Number of protein chains: 2
Amino acid sequence: MALVSVQECALAAQMALEAAGVGAEAARQQTDLLLDAELRGVPSHGFLRLERIIARIGNGAADPVTRGVHSWRGDSFLSVDGQQGLGPVVARHAADVAAERARQSGIAVAAISHNNHIGMLAWYAEAIAEAGLVSIILTTSEALVHPFGGGKALLGTNPIAIGVPTDTGPFVIDLATSLVSMGEIHDHAHRGAALPQGWALDADGQPTTDADAAKRGAIAPFGAAKGYALGLAFELLVTALTGAALGRDVTGTLDAEHLSNKGDVFILIDPQSGQGAALSAYLETIRQTPPAAGFEQVLIPGERGRARKAARLATGIELADPVWTTMQRLRDAAISGSAAS
Amino acid sequence: MALVSVQECALAAQMALEAAGVGAEAARQQTDLLLDAELRGVPSHGFLRLERIIARIGNGAADPVTRGVHSWRGDSFLSVDGQQGLGPVVARHAADVAAERARQSGIAVAAISHNNHIGMLAWYAEAIAEAGLVSIILTTSEALVHPFGGGKALLGTNPIAIGVPTDTGPFVIDLATSLVSMGEIHDHAHRGAALPQGWALDADGQPTTDADAAKRGAIAPFGAAKGYALGLAFELLVTALTGAALGRDVTGTLDAEHLSNKGDVFILIDPQSGQGAALSAYLETIRQTPPAAGFEQVLIPGERGRARKAARLATGIELADPVWTTMQRLRDAAISGSAAS
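Residues numbered from 1 in each chain as written. Chains lettered and ligands numbered in written order. Predicted model: local features only at pLDDT ≥ 70, side-chain atom pairs only at ≥ 80, totals over all residues. Heavy atoms only, no water.

### Section: the relation of the copies chain B and chain A
Between the two copies of the chain lies a rotation about an axis combined with a shift along it. Using the following cut-off: The copies were overlaid by least squares, fitting only the C-alpha atoms of residues that reach a pLDDT of 70 or more in each copy. Every residue pair with non-hydrogen atoms within 4.5 Å of one another is taken to be in contact.
In the superposition of chain B on chain A (RMSD 0.0 Å, axial shift 0.0 Å), the rotation amounts to 180°. In the structure described here, the two chain copies are related by an operation that fits a two-fold rotation axis. Residue Gly223(B) of chain B places its C-alpha closer to the rotation axis than any other residue of that unit, at 1.9 Å. Taken together, the interface assignments show that 100% of the residues at the interface of chain B recur at the interface of chain A, consistent with an identical surface on both copies.

Set out below in structure tokens:
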């Protein structure tokens, strides 16, 4: 692992993206999203993704410039053709425009198609809650998850984020409807570690603890039949609103070549009820409740990540050596490219 | 168990409600909701609830007449004071009005406070999907669920329903964020059966398999930390929009005396994307996928209940003897009351 200051790794990402044709503000957004994932302890959504984003631009699978084309399907329904833009650039712009409408009409939705991977959803939910709005955010992905009782990957990891403003800051959840992430499977494979029972099936639909076999198979939904039901409902809902591809037809968030055809949905609501103090008091009651046997404390979702972020902003980020080596290479190529031009 | 025809038990409920001062149309809605739960195999939300609804009217905790007072907090945000009306009467009226707005603006939300128990959420989601709209429905409840890692009930069972129209009919999920319902705990207690490990804690926060101890304790969230996160987010979101009470301050859905202070949220979206055929084809792919070891088939959420409903419409409903005895008593009292007046 390499301990790198926030400034140094952010600058490397920013330079690499700008060298690939991304404008300064868009590069700042994409960098901030990846950085935030590293800071909160979600490296699967961090700088590991940078090289692929740049490769996708080079391959014509990502447009470094567009912010998407907006059309209103109703006063509160913003339909966005992402035009294969960068995930956070298209999504933040759509969310900002929909947020403005939500402040007027109470609720608005942005339904986004043809957009690249939008990364860690908590990044959006937190910013939207900071701005005083409730959010429900959904995005779909390649089929990696098997239905409850089924042997084959047919569902995306289909995460949901929910953000709610409180008087003591944003409350944010961000969770995949898979039991674990494909990143965790890859991590076990990399370390040669066995998977816990129940995490995954192999390519033949048989339970496996072999991480390499699981990579070619399917991850379990979280929470058995209920998590499967949620993941399936999110996949259908997102496609109903965005026209996104479904199941095994989804491409473009795990490779460098294919166009992205999943969908993103942002539902934004102006709560207007003045409940911020009551919500904070309730969260404090939960925080202070005696833990059950075997637990040290009762956690509020998102708070561990926020504490990690505060610490890492001070100390710097531990990056896996290959990730930091790649970032330095991309940065150095950007410097010599700009010197050459 | 008593096998009763749909007509006979619906008529009994209708007459009992009308005798309590409920108008014919409102009584029909409340009866249809309870009947639908019986038909789909969710007796905890069926006619078992009838006596308490009528007792609440008698005690002044439920208003048999009101449909709630509507005010628009924005063009797409309908705020509803339920005025302690009957759950489905207030909620269906709010959802109908919000649905009309969603057809114009693309999305609308109804945020309902001071409404009685709205019962099985699938009933609403199915009707809304039949009418061509996507729905996300949330409602809160008394604190029955412990936080992940916590020893005390601090969260409602906080269910979610999602409905999506497809070309082959509504897709509907309806699930509590608790691992099981309090009804299932009561059922085990009634039968003297031990609970499976992991379902519940006793009043001291210790794991228990004693159903009677669990009734005074807390149910586990489904899906460990993720299900807890969802249940907590739903509780906060509903209160942010409705001003509902939180956690242990919630009253009025499990007793006959207290006013109801939980909240209900209906988010309605006009999908407009013409994806109905694609959604149906995707569901068929999942239905046809080979089952995993130990499973006979891959189920689509909601379809078992729908098949059960079709069968019971033909054969009649099996009601627990005390439930049917109570219904007959309420019906007979309604008849003699009306003869006396």
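### Description of the sheet that holds strand S8 (residues 200-201) of chain B
Residues and elements named next belong to chain B. Heads up, the rule is: Whether two strands pair depends on DSSP finding at least two bridges between them. A run of H or I in DSSP becomes a helix once it reaches four residues, and a run of E becomes a strand once it reaches two; helices and strands are each numbered from the N terminus.
One open sheet holds the 3 strands; their spatial order is S9-S8-S10, and the pairing between them is antiparallel. Looking at which strands have only one partner, the edges of the open sheet turn out to be strand S9 (207-208) and strand S10 (218-219). Note: S8 against S9, 2 bridges, orientation antiparallel. Paired with Leu201 across the strands is Pro207, a residue of S9.

### Remarks on the sheet that holds strand S8 (residues 200-201) of chain A
Neighbouring strands of a sheet are bound in pairs by backbone hydrogen bonds; such pairs are parallel or else antiparallel. Strand order in the open sheet formed by 3 strands is S9-S8-S10 (chain A), with antiparallel pairing between adjacent strands. Only two strands of the sheet have a single partner each, and these edge strands are strand S9 (207-208) and strand S10 (218-219) of chain A.

### Topic: the pattern of salt bridges
Charged atoms that come close allow side chains of opposite charge to pair. For clarity, the cut-off: Definition used for salt bridges: Asp or Glu carboxyl oxygen within 4 Å of a side-chain nitrogen of Lys or Arg.
By the definition in use, this model includes 28 salt bridges over all chains. One salt bridge in this structure joins Glu284(A) and Arg287(A), with 2.5 Å as the shortest N-O distance. In this pair, Glu284(A) and Arg287(A) both sit in helix H9 (residues 276-287), 3 residues apart, roughly one turn of the helix. Residue Arg28(B) pairs with Glu25(B) through a salt bridge whose shortest N-O separation is 3.0 Å. One end of the pair, Arg28(B), and the other, Glu25(B), are both in helix H2 (residues 24-40), 3 residues apart, so they sit about a helical turn from each other. Linked by salt bridges that have partners in common, Asp36(A), Arg40(A), Glu126(A), Arg306(A) and Lys309(A) make up one network.

### Topic: helix H3 (residues 50-58) of chain A
Residue and element names in this part refer to chain A. Operational definition: Accessible area is worked out with a 1.4 Å probe on protein chains only. A residue is then buried under 20% of its type maximum, exposed over 50%, and partly exposed in between. To obtain the arc, one takes the directions from the helix axis to the C-beta atoms.
Turning to H3, its buried residues are Leu50, Ile53, Ile54, Arg56 and Ile57. Projected down its long axis, H3 shows its buried positions confined to an angular sector of 155°, all on one face. With its phi angle positive at about 80°, Gly60 sits one or two positions after the end of H3.

### Quick notes on the environment of Leu299(B)
Residue position: Leu299(B) is located in the loop between helix H9 (276-288) and helix H10 (303-315). Setting aside chain neighbours within four positions, we find Leu299(B) in contact with Tyr228(A) and Arg304(B).

### Here we look at the environment of Leu259(B)
Residues and elements named next belong to chain B. With respect to the helices, strands and loops of the structure, Leu259 is situated in the loop between helix H8 (224-242) and strand S11 (263-269). Using a relative accessible area of 47% as the deciding quantity, one classes Leu259 as partly exposed. Between the alpha carbons of Leu259 and Phe234 there is a distance of 21 Å; along the sequence they are 25 residues apart. Apart from residues no more than four positions distant in its own chain, Leu259 is found in contact with Arg56, Gly60, Ala61, Gln84, Thr251 and Gly252.

### Overview of the domain arrangement of chain A
Many analyses report the size of an interface as the accessible area lost when the parts associate. All names here are of chain A. What counts, and what does not: What fixes the domain bounds is an automatic or database domain assignment. By convention, the term buried area covers the 1.4 Å-probe accessible surface removed from two parts as they join, with the contributions of both added. In protein, a polar contact requires one atom able to donate a hydrogen and another able to accept it; more generally it is a pair of N or O atoms within 3.5 Å, and residues adjacent in sequence count only if both atoms are side-chain atoms. The classification used treats Ala, Val, Leu, Ile, Met, Phe, Trp, Tyr, Cys and Pro as nonpolar, Asp, Glu, Lys and Arg as charged, and all other residues, Gly among them, as polar.
Domain parsing of chain A yields domain 1 (1-58 + 304-341) and domain 2 (66-178 + 221-287). Relative placement of domain 1 and domain 2: their C-alpha centres are 23 Å apart. Roughly 1,600 Å² of surface becomes buried between domain 1 and domain 2 when both sides are summed, with 56% attributable to carbon and sulfur atoms. The largest per-residue losses of area from domain 1 upon contact with domain 2 belong to Gln29, Leu33 and Arg56, which jointly make up 39% of the total buried on that side. Taken together, the links from domain 1 to domain 2 amount to 3 salt bridges. Ionic pairing is found between Arg40 and Glu126, a salt bridge with its closest N-O pair at 3.3 Å. Linking domain 1 to domain 2 there are 8 residue pairs in polar contact (both at pLDDT 80 or more). The biggest single contributor to the side of domain 1 that touches domain 2 is helix H2 (residues 24-40), with 8 residues. Here the side of domain 1 that touches domain 2 is built from residues that sort into 8 nonpolar, 3 polar and 7 charged.

### Side note on the pairing of strand S4 (residues 107-115) of chain B
All names here are of chain B. Operational definition: Clockwise travel from the first strand over the helix to the second, with the strands pointing away from the viewer, marks a crossover as right-handed.
Counted residue by residue, S4 has 8 buried out of 9 residues, so it is predominantly covered. Relative to S4, strand S3 (residues 77-85) is paired through 6 bridges, and the arrangement is parallel. Across the sheet, Asp81 pairs through a bridge with Ser113, a residue of S4. The parallel pair S3 and S4 is bridged by helix H4 (residues 87-105), and the resulting crossover is right-handed. Note: S4 against S11, 7 bridges, orientation antiparallel. Across the sheet, Ala111 pairs through a bridge with Val265, a residue of S11.

### So, the packing of H2(A) against helix H4 (residues 87-105) of chain A
Residue and element names in this part refer to chain A. How we decide: Lines fitted to the C-alpha atoms define the axes, with helices restricted to the stretch that makes contact. Angles between their N-to-C directions range from 0 to 180 degrees. Every angle not falling under 35 degrees, over 145, or within 65 to 115 is termed oblique; those three ranges are roughly parallel, roughly antiparallel and roughly perpendicular.
Interaxial distance between H2 and H4 falls to 8 Å at its minimum, and their mutual angle equals 100°. Considering the angle they form, H2 stands roughly perpendicular to H4. Residues Ala26, Gln29, Gln30 and Leu33 of H2 form the contact with H4, whose own contacting residues are Gly87, Pro88, Val89 and Arg92. Taken together, the residues of the contact of H2 with H4 break down into 4 nonpolar, 3 polar and 1 charged.

### Points about the interface of chain B and chain A
Residue-level contacts link 76 residues of chain B with 76 residues of chain A. The contact between chain B and chain A buries some 5,800 Å² in all, and 76% of this surface belongs to carbon and sulfur atoms. For the chain B face of the interface with chain A, the top three residues by lost area are Lys226(B), Leu236(B) and Tyr282(B), together amounting to 12%. Taken together, the connections running from chain B to chain A amount to 0 salt bridges. The tally of links between chain B and chain A comes to 21 residue pairs in polar contact (both at pLDDT 80 or more). Here the side of chain B that touches chain A takes 14 residues from H8(B), the largest share from any one element. Counted by class, the side of chain B that touches chain A contains 48 nonpolar, 22 polar and 6 charged residues.

### Some points on unusual backbone geometry
Peptide bonds are mostly trans, and most non-glycine residues show a negative phi. Unlike most non-glycine residues, Gln83(B) shows phi in positive territory, near 50°. Counting through the fold element by element, Gln83(B) comes out in strand S3.

### A look at the side chain of Arg56(B)
Residues and elements named next belong to chain B. By secondary structure assignment, the location of Arg56 is in helix H3 (residues 50-58). Side-chain polar atoms of Arg56 contact the side chain of Asn116, separated by 2.8 Å. A polar contact is formed between the side chain of Arg56 and the backbone oxygen of His258, at a distance of 2.7 Å. Each residue touching Arg56, except ones within four places of it in the same chain, is listed here: Ala61, Ala62, Gln84, Asn116, Gly252, Asp255, Ala256, Glu257, His258, Leu259 and Ser260.

### Overview of the environment of Val42(A)
Looking at the secondary structure, you find Val42(A) in the loop between H2 and H3. When the C-alpha positions of Val42(A) and Met120(A) are compared, they lie 8.1 Å apart, and in sequence the two are 78 residues distant.

### Some points on the pairing of strand S7 (residues 169-175) of chain A
Residues and elements named next belong to chain A. Among the 7 residues in S7, 5 count as buried, and that is most of the element. Sheet topology places strand S6 (residues 160-166) next to S7; 7 bridges connect them, and they run antiparallel. Bridging across to S7, Pro165 finds its partner in Pro170. Here S6 folds back onto S7, and the loop between the two strands holds 2 residues.

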